[in-house]
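So you can see what is in the structure, the chains are spelled out below.
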Amino acid sequence: MSVLVFADNSEGKFKKGAFELISYGKKVAEQSQTNLVVLTINADDLSELANYGAEKVLKVKDEKLTNFNARAYADVIKQASDKEDSSMIIIESSTNGLYLSPILAVNLEAGYASNVVALPTSIEPFTLKRKAFSTKVFSFIEINTPKKLIGLSKNSFGLVENPTNVVEENFIPTLNDRDFTIQITGIEKSSGEVTIADADIVVSGGRGLKGPENWGMIEDLAHVLGAATACSKPVSDLGWRPHSEHVGQTGKPVSSNLYIAVGISGAIQHLAGVNAAKVKVVINTDEEAPFFKAADYGIVGDAFEVVPKLTEKLKEFKSNQ
Ligand SMILES: Cc1cc2nc3c(=O)[nH]c(=O)nc-3n(C[C@H](O)[C@H](O)[C@H](O)COP(=O)(O)OP(=O)(O)OC[C@H]3O[C@@H](n4cnc5c(N)ncnc54)[C@H](O)[C@@H]3O)c2cc1C
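Computed from a predicted structure; not experimentally measured.

Now for the environment of Gly 12. One can find Gly 12 in the loop between strand S2 (9-10) and strand S3 (13-14). Taking the C-alpha atoms as reference, Gly 12 lies 9.5 Å from Thr 40; in sequence the two are 28 residues apart. Not counting residues up to four positions away in its chain, the partners in contact with Gly 12 are Asn 42, Ala 43, Asp 44 and Asp 45.

Moving on, we get to the packing of helix H2 (residues 70-83) against helix H3 (residues 95-108). Packing of H2 against H3 leaves a shortest axis separation of 9 Å and a crossing angle of 45°. By the angle class used here, H2 and H3 are oblique. Classified by chirality, the crossing of H3 by H2 is right-handed. Where H2 approaches H3, its residues Ala 70, Arg 71, Tyr 73, Ala 74, Asp 75, Ile 77, Lys 78 and Ser 81 are matched on the opposing element by Tyr 99, Leu 100, Ile 103, Leu 104, Asn 107 and Leu 108. Per-class residue counts for the contact of H2 with H3 are nine nonpolar, two polar and three charged.

A few words now on the packing of helix H4 (residues 216-225) against helix H8 (residues 303-319). Between H4 and H8, whose axes approach to 10 Å, the crossing angle comes to 25°. Between H4 and H8, the angle is such that the two are roughly parallel. In this structure, the crossing between H4 and H8 has a hand that is left-handed. In this structure, H4 contributes Met 217, Asp 220, Leu 221, Val 224 and Leu 225 to the contact, and H8 contributes Ala 303, Phe 304, Val 307, Pro 308, Leu 310, Thr 311, Leu 314, Lys 315 and Lys 318.

Among the five residues of strand S10 (residues 148-152), five are classified as buried, and the element is accordingly described as predominantly covered. Of the two faces of S10, the one lined by Lys 148, Ile 150 and Leu 152 and the one lined by Leu 149 and Gly 151 are each fully buried. Where strand S6 (residues 86-92) lies against S10, five bridges are found, and the strand directions are parallel. Opposite Ile 89, over in S10, you have Leu 149 as the bridge partner. Relative to S10, strand S7 (residues 111-116) is paired through four bridges, and the arrangement is parallel. By the bridge assignment, Ala 113 is partnered in S10 with Ile 150.

As a further point, take the site of the ligand. With respect to spatial proximity, 26 residues lie near the ligand, and among them Ser 232, Thr 250, Ser 265, His 270 and Asn 284 are the closest. Side-chain polar atom of Asp 302 to a nitrogen atom of the ligand: 2.9 Å apart, as the coordinates give it. Computed on the free molecule, the ligand has an accessible area of 990 Å², of which 75% lies beneath the protein chains in the complex. Contributions of two or more residues to the shell around the ligand are made by helix H5 (233-237), helix H6 (268-274) and H8. Counted by class, the shell around the ligand contains six nonpolar, 15 polar and five charged residues.

Before going further, it helps to examine the packing of aromatic side chains. Within the structure shown, the criterion is met by eight aromatic pairs. Seen in terms of ring centroids, Tyr 24 and Phe 157 are 5.3 Å apart; in terms of plane orientation they differ by 90°. Their pairing is edge-to-face. Taken together, the residues Tyr 24 in helix H1 (residues 16-31) and Phe 157 in the loop between S10 and strand S11 (167-170) connect sequence positions 133 residues apart. Exposure remark for Phe 157: the relative accessible area of 24% places this residue in the partly exposed category. Between Phe 68 and Tyr 99 the ring centres are 6.1 Å apart and the planes differ by 45°, which places this aromatic pair in the tilted class. Taken together, the positions of Phe 68 in the loop between strand S5 (56-60) and H2 and Tyr 99 in helix H3 put the pair 31 residues apart, joining distant regions of the chain. Cluster of aromatic residues (ring-pair linked, three or more members): Phe 6, Phe 68, Tyr 73 and Tyr 99. We note Lys 64 situated over the ring of Phe 180; from NZ or CZ to the ring centre the distance is 4.4 Å. Directly above the ring of Phe 138 sits Lys 129, whose terminal nitrogen or CZ lies 4.7 Å from the centroid.

This part takes up the side chain of Thr 229. The topology assignment puts Thr 229 in strand S13 (residues 228-231). In this structure Thr 229 comes out as buried when scored by relative accessible area, which is 10%. At 2.8 Å, the side chain of Thr 229 and the side chain of Glu 245 are in polar contact. Not counting the four nearest positions on each side in its chain, Thr 229 is found in contact with Ile 196, Val 203, Ile 218, Glu 219, Ala 222, Arg 241 and Glu 245.

We now examine the environment of Asp 8. Looking at the element boundaries, Asp 8 is found in the loop between strand S1 (2-6) and S2. Each C-alpha atom, one on Asp 8 and one on Phe 68, is 9.6 Å from the other, the two residues being 60 residues apart in sequence.

So, how was this worked out
Residues numbered from 1 in each chain as written. Predicted model: local features only at pLDDT ≥ 70, side-chain atom pairs only at ≥ 80, totals over all residues. Heavy atoms only, no water. Helix = DSSP H or I, 4+ residues; strand = E, 2+ residues; numbered from the N terminus. Contact = heavy atoms within 4.5 Å. Axes fitted to C-alpha atoms, helices over the stretch in contact; angles between N-to-C directions. Parallel < 35°, antiparallel > 145°, perpendicular 65-115°, else oblique. Left-handed = near helix turned anticlockwise from the far one by under 90°. Nonpolar A, V, L, I, M, F, W, Y, C, P; charged D, E, K, R; others polar. Buried < 20%, exposed > 50% of the residue type's maximum accessible area, 1.4 Å probe, protein only. Pairing = 2+ DSSP bridges. Near = heavy atom within 4 Å. Polar contact = N/O pair within 3.5 Å; in protein donor to acceptor, adjacent residues only side chain to side chain. Areas by Shrake-Rupley, 256 points an atom, 1.4 Å probe, with all protein chains shown as cover. Phe/Tyr/Trp six-rings, centres within 6.5 Å; stacked < 30°, edge-to-face > 60°. Lys NZ or Arg CZ within 6 Å of the ring centre and 35° of its normal.

Structure (structure tokens):
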């Protein structure tokens with residue numbers, strides 16, 4: 001028996017999410033007194049995985065799997081799980097993860113919980129806490145199938161260092177032509193130095209910024225913080241910013257540690273997508289703006305005065321470190 005973690009990567013490099021998944025998988029394996037196995041597909045450097053408790057790593061290398069393919073990836077994870085006799089399979093509730101999980105759950109005949117935010121609250125019956133309705137509520141669900149598929153929500157568990165001696169093993173799955181009837185033929189990256197999905201900090205601008213020509217100060221603040229840039233829906237609808245930056249109920253979800261909203265009113269559709277951010281800072285001229293009710297820190301002030309001063313202070317702070 002084992003716990004299997006699928007550690008996804010981007011162009012061969014692991015991101016923080018993969019390490020969080022392994023940290024989580026290690027604790028789940030300890031809870032259920034079993035071993036942790038990590039599956040990687042076309043990853044370059046596996047050495048960092050050992051820092052978070054990976055005991056055994058299955059390495060898949062195949063050019064056909066260079067680009068994400070939900071059916072093929074689900075097939076490979078199923079084969080790895082059969083080989084390792086895994087009773088629990090853990091993947092990230094990322095866009096790719098949410099896409100492949102239902103296929104994998106059917107293949108495994110496994111009960112599946114997405115957006116899980118904590119360790120199992122009980123092993124018998126197997127109970128998980130997950131977020132629902134744009135993080136407005138948490139639900140507790142039981143999985144009663146022999147195999148269990150867990151989709152872990154990003155930034156919900158954190159990184160736990162747990163150095164181990166890792167055993168690497170090449171794994172050659174059988175790839176089925178039927179899985180490649182739809183293929184990604186090219187990738188065009190959106191602008192921005194850090195992606196919203198991977199960011200620890202997101203700096204977001206709304207209609208209060210008046211026009212696209214004023215985004216320099218948002219980019220400067222994001223740059224000094226190493227943050228991703230985002231925007232409200234009207235801003236991308238107006239063409240001020242690319243659609244890839246639109247966050248909210250109909251845009252990308254944000255689960256960063258810090259979300260700074262500048263000139264955004266805080267409509268429910270916007271809040272629905274950013275509720276999961278741990279700390280929310282709001283800068284708005286209108287003290288009645290609804291966003292202040294959801295904010296951890298609020299600055300009532302003109303973004304055109306506050307943001308450059310904040311960026312300046314942060315630069316000073318960084319240069320004194
Ligand atoms: C079905 C549906 C889905 C939607 N999905 C989304 C979604 O996913 N994401 C989303 O964002 N919206 C969504 N919306 C739109 C949402 O309802 C709001 O209209 C939108 O979020 C408002 O954007 P905003 O806050 O940028 O603009 P506004 O509502 O115009 O607010 C601008 C804010 O800037 C402040 N301001 C003005 N000048 C300054 C200044 N100099 N300094 C600081 N603050 C200033 C104002 O006080 C105001 O609070 C959706 C709507 C619908 C109907």
